[in-house]
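# Notes for the structure review
If you want the building blocks of each chain, they are given just below.
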Amino acid sequence: TNYSYINDLFFIKFLPEIEQYDSEYCKLRESRLEISHKNNRFKELYNLVKTDPNRHIINRTTCYHPSSLHKCIRDDDIDTFQSLLSKNNYTINDRIPYSYYERAQTIDSNLSLIQIAATYSSIKIFKFLWMQNGIEIPDNLLQYAFFGRNNEIIHLCENKTSHDKVILQA
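What comes next concerns the included structure.

Reading the values: the criteria
Residues numbered from 1 in each chain as written. Predicted model: local features only at pLDDT ≥ 70, side-chain atom pairs only at ≥ 80, totals over all residues. Heavy atoms only, no water. Helix = DSSP H or I, 4+ residues; strand = E, 2+ residues; numbered from the N terminus. Buried < 20%, exposed > 50% of the residue type's maximum accessible area, 1.4 Å probe, protein only. Areas by Shrake-Rupley, 256 points an atom, 1.4 Å probe, with all protein chains shown as cover. Phe/Tyr/Trp six-rings, centres within 6.5 Å; stacked < 30°, edge-to-face > 60°. Polar contact = N/O pair within 3.5 Å; in protein donor to acceptor, adjacent residues only side chain to side chain. Core = buried A, V, L, I, M, F, W, Y, C linked by side-chain atoms within 4.5 Å. Contact = heavy atoms within 4.5 Å.

Helix and strand counts for the chain stand at 12 helices and 2 strands. Start at the N end of the chain and walk to the C end: the helices and strands fall as α-α-α-α-α-α-α-β-β-α-α-α-α-α. Counting across all 170 residues of the chain, residues that qualify as buried make up 42%. If you sum the accessible surface of the chain, you get close to 10,100 Å²; carbon and sulfur atoms cover 49% of it.

In structure tokens:
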């Protein structure tokens, strides 16, 4: 039997369909996956695909981070955002773990809430976070502001953050 040298990640992302149409190949290919040598995120994705393939297909099709907190930031829904912060004991400096489903593949893997708000031009949430006492402003926040292309967010960041390597994210 020939071994496919295609990237393991692509195989895992389309595992439900491959399993449906060629279960024999799928079993052979799965036995050769080197998940133990990959990082934990890779293993988590594989486990999610195996335990809930329908949820995986929905997340893959949607192509956004599946977190409800991430969604309300993308939608700039300040009321839901504040509610989720208080109900779930999130802090303004929390980070949202990496997701293979997120379409905006950025230079940081675990983004702060304010980085996500800058990325998605979520001005209400960005300003809310910006004005909070104790907010940690990442050095590279201007890079995320350029990525999000919101002039108001960019101008706020220009005065307080580093201009170093801002073009890399944009």
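According to the stated counting rule, one finds 5 aromatic pairs in the structure shown. Each ring, one from Phe11 and one from Tyr25, has its centre 6.3 Å from the other, and the planes form 85 degrees; the classification is edge-to-face. Here Phe11, found in helix α1 (residues 8-13), pairs with Tyr25, found in helix α3 (residues 23-31); they are 14 residues apart in sequence, far enough to count as distant. On the basis of relative accessible area, Phe11 is assigned to the buried category, the value being 5%.

Let's shift gears to unusual backbone geometry. For residues besides glycine, phi is generally negative; the peptide bonds are generally trans as well. One non-glycine residue, Asp76, lies in positive phi territory at about 55 degrees. Mapped onto the fold, Asp76 is located in the loop between α6 (68-74) and α7 (78-87). Judged by its relative accessible area of 12%, Asp76 is buried.

Next up on the list: the side chain of Asn140. Secondary-structure assignment places Asn140 in the loop between α9 (123-130) and α10 (141-148). Here Gln115 takes part through its side chain, which lies 3.0 Å from a polar atom of the side chain of Asn140.

Attention now moves to the nonpolar core. Counting 29 residues, the largest nonpolar core has Phe81, Leu113, Phe126, Leu129 and Cys157 as its most contacted members. Those elements that provide at least two residues to this core are α6, α7, α8 (113-119), α9, α10 and α11 (151-160). Among the elements that make up this core, the one with the highest residue count is α9 (6 residues). Excluding its chain neighbours within four sequence positions, the residues that come into contact with Leu113 are Leu69, Ile73, Phe81, Leu85, Thr91, Ile92, Asp94, Ile96 and Leu129. Formed by 12 residues, the second largest nonpolar core is a distinct cluster that contains Leu9, Ile12, Leu15 and Leu33.

Another point: the environment of Cys63. Structurally, Cys63 is set in the loop between α5 (53-62) and α6. A relative accessible area of 29% means that Cys63 is categorised as partly exposed. Along the sequence, Cys63 and Glu102 sit 39 residues apart, while their C-alpha atoms lie 5.6 Å from each other. Once residues within four sequence positions are removed from consideration, Cys63 is found in contact with Tyr101, Glu102 and Arg103.

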